[in-house]
Amino acid sequence: MRAFSLLLVPFALFAGVADHPEVMGQERLFESWVRGQMISRHLPGIAVGVVFDQELIWARGFGQADQDAHVAMSPSTQFRMASHSKLFTSTAIMQLRDAGKLRLDDPVSKYLPWFKIKPAQPDDPEITIEELVTHSSGLPREAGPHWTTHEFPTEEQVRSYITQHQAVYSPEVRWKYSNLALGIAGMVVEAVSGEKYGEYVQRHIFSPLNMTGSSVDQNVKGLAIGYGRLMPDGSRAKMPFIDAHGLGPATGITSNVEDMAKFVSLQFRSGKVGGAQILSTGALREMHRVRVLENDWTRGNAIGFAVNRDHDKVYVGHGGSYPGYKTQTLVDLDGKVGVIVLTNEDDGNPGPIANHLMHTVGQAAAKAGAPAVKTPLWDPTWSRFAGHYSSENGNTDVVELNQRLVMINPDGDNPETQQRLEPIGNGQFRLEAPAGGGPVGEVVRFVEENGHVVRMYTGESFSRRVNP
């Protein structure tokens with residue numbers, strides 16, 4: 001399919017991205033590769049989508065949603081989204097926070113008085129709502145053997161589990177993934193809103209975003225058949241529909257590529273809450289910011305979102321695993337690009353597929369849609385600002401590099417570590433640097449007396465020009 005607008009945005013605004021030759025070429029490249037993967041790995045089906053800002057610019061179905069009935073896979077085919085459900089539960093928590101109905105640092109027991117799990121250590125503080133949605137609560141991962149038995153606990157059974165078990169770690173000690181924690185977060189949503197979890201999500205998230213193909217724990221028409229992993233004899237078991245019951249807020253949501261594209265586009269928007277703007281700008285920023293790092297610092301967790309670094313890129317998103325389904329989303333906030341990969345098999349391994357989709361079609365879309373950079377014309381008179389500056393805090397050299405000015409510490413370890421002086425007009429500059437130390441983002445200006453540069457202000461501090 002070609003692009004269609006997710007909101008009431010003029011098509012022409014993004015048509016250049018969807019129809020950009022490099023984007024279309026990368027689509028053909030990815031499509032060729034993924035078809036080969038399906039053949040070599042004997043995969044039943046895959047559905048993929050690429051979002052640029054407010055538009056689903058490309059979406060495809062590969063293989064079949066139902067092999068026996070020969071139903072072709074499509075972007076509208078529905079999948080059990082598994083742990084993507086955590087994004088919607090966290091969104092609900094942030095909506096209630098924005099409405100002043102709860103605080104992230106509130107103890108869970110304020111809204112669920114029965115939540116009295118035995119702490120890991122006797123002097124542990126109470127577990128907070130934020131710790132639930134950032135996987136820093138220290139709670140056990142599950143509430144029973146449901147991934148083996150496929151019999152998920154009811155809310156009553158979850159409550160009983162809490163009263164009979166102990167936290168694994170103290171709060172904030174380490175990142176520890178927990179479906180139980182997000183199940184509890186869903187119960188907080190119910191207690192605070194007065195609505196059942198599924199009703200709340202439908203009314204406050206799905207409906208405003210026009211996610212008409214999404215639901216919570218419903219065996220809906222159009223749901224792809226979930227298949228087990230490929231066995232040595234080449235067979236795959238057909239998985240039945242499995243209700244997540246009390247862990248629905250952690251793993252029970254059903255959706256498709258077209259609807260997930262609308263949720264991805266939300267991450268790129270800003271503005272006041274209303275209509276399809278279901279979260280405030282500030283709440284979205286909070287949801288994307290890393291709150292907890294894995295112990296090896298290779299990845300982290302924001303509010304609901306997983307955060308991963310891939311070379312020079314940082315992606316937010318989530319993966320999902322449910323019997324017969326594996327899913328993955330990746331979102332490049334800076335490039336305003338997101339990719340969605342949904343598979344209907346236990347060995348679909350959508351993570352690498354999503355990475356390759358991002359590296360090909362996604363990055364091409366980000367480049368095609370990037371705003372034109374206006375490079376200020378170099379003023380040859382700016383050469384006079386180059387020189388050596390000193391203060392009691394240290395030395396700084398301003399160096400002219402091919403019609404641009406950079407700052408270095410001449411006493412530092414290397415000349416490659418530079419800060420840029422970006423012209424902003426009237427002989428002033430903005431300090432830009434990869435790291436956030438010092439007055440990054442603030443104005444740099446030079447003071448002249450009798451035709452000579454005598455001082456350089458970086459933010460509010462200044463250095464004196466030292467004559468060579």
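What you are looking at is a predicted structure, and each value in this text was computed from that prediction instead of being measured. (Residues numbered from 1 in each chain as written. Predicted model: local features only at pLDDT ≥ 70, side-chain atom pairs only at ≥ 80, totals over all residues. Heavy atoms only, no water.)

Novice: Help me understand the pattern of salt bridges, please; the structure alone is not making it clear to me.
Specialist: Between side chains of opposite charge, pairing is possible as soon as their charged atoms come close. Counted by the stated rule, this structure contains 25 salt bridges. Here Arg80 makes a salt bridge to Asp217, at a shortest N to O gap of 2.6 Å. One end of the pair, Arg80, is in strand S5 (residues 79-82); the other, Asp217, is in the loop between strand S6 (215-216) and strand S7 (226-227), and 137 residues separate them in sequence. Both residues of the pair, Arg80 and Asp217, belong to the buried class. Residues Arg384 and Glu448 are paired through a salt bridge, measuring 3.0 Å at the closest nitrogen-oxygen approach. (Salt bridge = Lys/Arg side-chain N within 4 Å of Asp/Glu carboxyl O. Helix = DSSP H or I, 4+ residues; strand = E, 2+ residues; numbered from the N terminus. Buried < 20%, exposed > 50% of the residue type's maximum accessible area, 1.4 Å probe, protein only.)

Novice: What is the right way to read the sheet that holds S6 from this model?
Specialist: Adjacent strands of a sheet pair through backbone hydrogen bonds, lying either parallel or antiparallel. Read across the open sheet, the 3 strands follow the order S5-S9-S6; overall the sheet is antiparallel. In the strand order of this sheet, the two ends are held by S5 and S6, each with one partner. (Pairing = 2+ DSSP bridges.)

Novice: Honestly, the environment of Asn295 in this entry has me stumped. Any pointers?
Specialist: Along the chain, the position of Asn295 falls in the loop between strand S10 (292-293) and strand S11 (299-301). The sequence separation of Asn295 and Glu449 amounts to 154 residues, and the corresponding C-alpha distance is 54 Å.

Novice: Explain the sheet that holds strand S17 (residues 394-400) here, please?
Specialist: With antiparallel pairing, 8 strands are arranged side by side around a closed barrel as S16-S17-S18-S19-S20-S21-S22-S23. If you compare each strand with its neighbour and ignore which way they point, the axes differ by 35° on average. Pairing of strand S16 (residues 387-391) with strand S23 (residues 461-466) involves 3 bridges; the strand directions are antiparallel. Within the sheet, the bridge partner assigned to Tyr389 lies in S23 and is Arg465. (Axes fitted to C-alpha atoms, helices over the stretch in contact; angles between N-to-C directions.)

Novice: Looking at this structure, how should I read the pairing of S16?
Specialist: In terms of strand pairing, S16 meets S17 through 5 bridges, oriented antiparallel. Within the sheet, the bridge partner assigned to Tyr389 lies in S17 and is Thr396. Counting the residues that bridge the hairpin from S16 to S17 gives 2 residues.

Novice: Please explain helix H12 (residues 350-369) as it appears in this structure.
Specialist: Since there are 3.6 residues in each turn of an α-helix, residues three or four apart along the chain are aligned in direction. Within H12, the axis deviates most sharply at Met358, by approximately 40°. Listed in full, the buried residues belonging to H12 are Pro350, Gly351, Ile353, Ala354, Leu357, Met358, Thr360, Val361, Gly362, Ala364, Ala365 and Ala366. (Bend = angle between axes of the 7 residues up to and from the residue.)

Novice: Just checking my understanding: could you explain the packing of helix H3 (residues 85-98) against helix H8 (residues 197-206) for this structure?
Specialist: The angle between the axes and the distance between the axes are what describe a pair of packed helices. H8 packs onto H3 with a crossing angle of 75° between their chain directions and a minimal axis gap of 11 Å. The orientation of H3 with respect to H8, classified from their angle, is roughly perpendicular. Of H8, the residues touching H3 (which contributes Ser85, Phe88, Thr89, Thr91, Ala92, Gln95 and Leu96) are Tyr197, Tyr200, His204, Ile205 and Phe206. Here the contact of H3 with H8 is built from residues that sort into 7 nonpolar, 5 polar and no charged. (Parallel < 35°, antiparallel > 145°, perpendicular 65-115°, else oblique. Contact = heavy atoms within 4.5 Å. Nonpolar A, V, L, I, M, F, W, Y, C, P; charged D, E, K, R; others polar.)

Novice: What is the right way to read the nonpolar core from this model?
Specialist: What tends to happen in soluble globular proteins is that the nonpolar side chains get buried as a cluster. Ranked by size, the top nonpolar core spans 79 residues in total, and within it Phe88, Phe115, Ile184, Val188 and Phe263 carry the most contacts. With 9 residues, the top contributor of residues to this core is helix H7 (residues 179-193). In this structure Phe263 touches Leu87, Phe88, Thr91, Leu209, Met211 and Phe305, once residues within four positions along its chain are discounted. Counting 27 residues, the second largest nonpolar core, distinct from the first, contains Trp58, Val339, Val361 and Ala365. (Core = buried A, V, L, I, M, F, W, Y, C linked by side-chain atoms within 4.5 Å.)

Novice: Help me out: how do you make sense of the packing of aromatic side chains in this one?
Specialist: Aromatic rings considered in pairs are described by the distance between their centres and by the relative angle of their planes. For the coordinates displayed, the defined rule picks out 17 aromatic pairs. For the pair Trp378 and Trp382, a centre-to-centre distance of 5.5 Å together with 90° between the ring planes defines the contact as edge-to-face. An identical accessibility class is assigned to Trp378 and Trp382; each is buried. Judged by centre distance (5.3 Å) and plane angle (70°), the ring pair of Trp382 and Phe429 falls under edge-to-face. With Trp382 in the loop between H12 and S16 and Phe429 in strand S20 (residues 428-432), the pair connects residues that are 47 residues apart, well separated along the chain. (Phe/Tyr/Trp six-rings, centres within 6.5 Å; stacked < 30°, edge-to-face > 60°.)

Novice: Would you explain helix H2 (residues 21-41) in this entry?
Specialist: Helix length check: H2, at 21 residues, gives a terminal C-alpha distance of 30 Å against a target of 30 Å (1.5 Å per residue), a fit within 8%. Every buried residue of H2 is accounted for by Val23, Gln26, Glu27, Phe30, Glu31, Val34 and Met38. Here the buried residues of H2 occupy an arc of 140° about the axis, which is enough to place them on one side. Opposite the packed face of H2, turned more than 90 degrees from it, sit the exposed residues Pro21, Arg28, Ser32, Ile39 and Ser40. (Expected span 1.5 Å × (residues − 1). Arc of directions from axis to C-beta.)

Novice: What exactly am I supposed to notice about the pairing of strand S19 (residues 419-425) here?
Specialist: Looking down a regular strand, the side chains alternate between one sheet face and the other. By the bridge criterion, 3 bridges tie strand S18 (residues 405-408) to S19 in an arrangement that is antiparallel. By the bridge assignment, Met407 is partnered in S19 with Gln419. Remark: 2 residues form the turn of the hairpin made by S19 and S20, two consecutive strands paired antiparallel; Asn426 in that turn has positive phi of roughly 55°.

Novice: Would you mind going over the confidence of the model for the protein with me for this structure?
Specialist: Close inspection of predicted coordinates is inappropriate for parts of the model with low pLDDT. Looking at the protein as a whole, the pLDDT averages 94, with 97% of positions reaching at least 70. Confidence drops under pLDDT 50 across residues 7-14; counting only partners more than four residues distant or on other chains, this segment forms 11 contacts. (pLDDT = per-residue confidence, 0-100.)

Novice: What exactly am I supposed to notice about a nonpolar patch on the surface here?
Specialist: A cluster of nonpolar side chains, Val168, Tyr169 and Val173, forms an exposed patch at the surface whose accessible area comes to about 250 Å². Structurally, Val168 is set in the loop between helix H6 (155-164) and H7. (Patch = residues over 30% accessible without salt bridge, like charges linked within 9 Å, V, L, I, M, F, W, Y side chains within 5 Å. Areas by Shrake-Rupley, 256 points an atom, 1.4 Å probe, with all protein chains shown as cover.)

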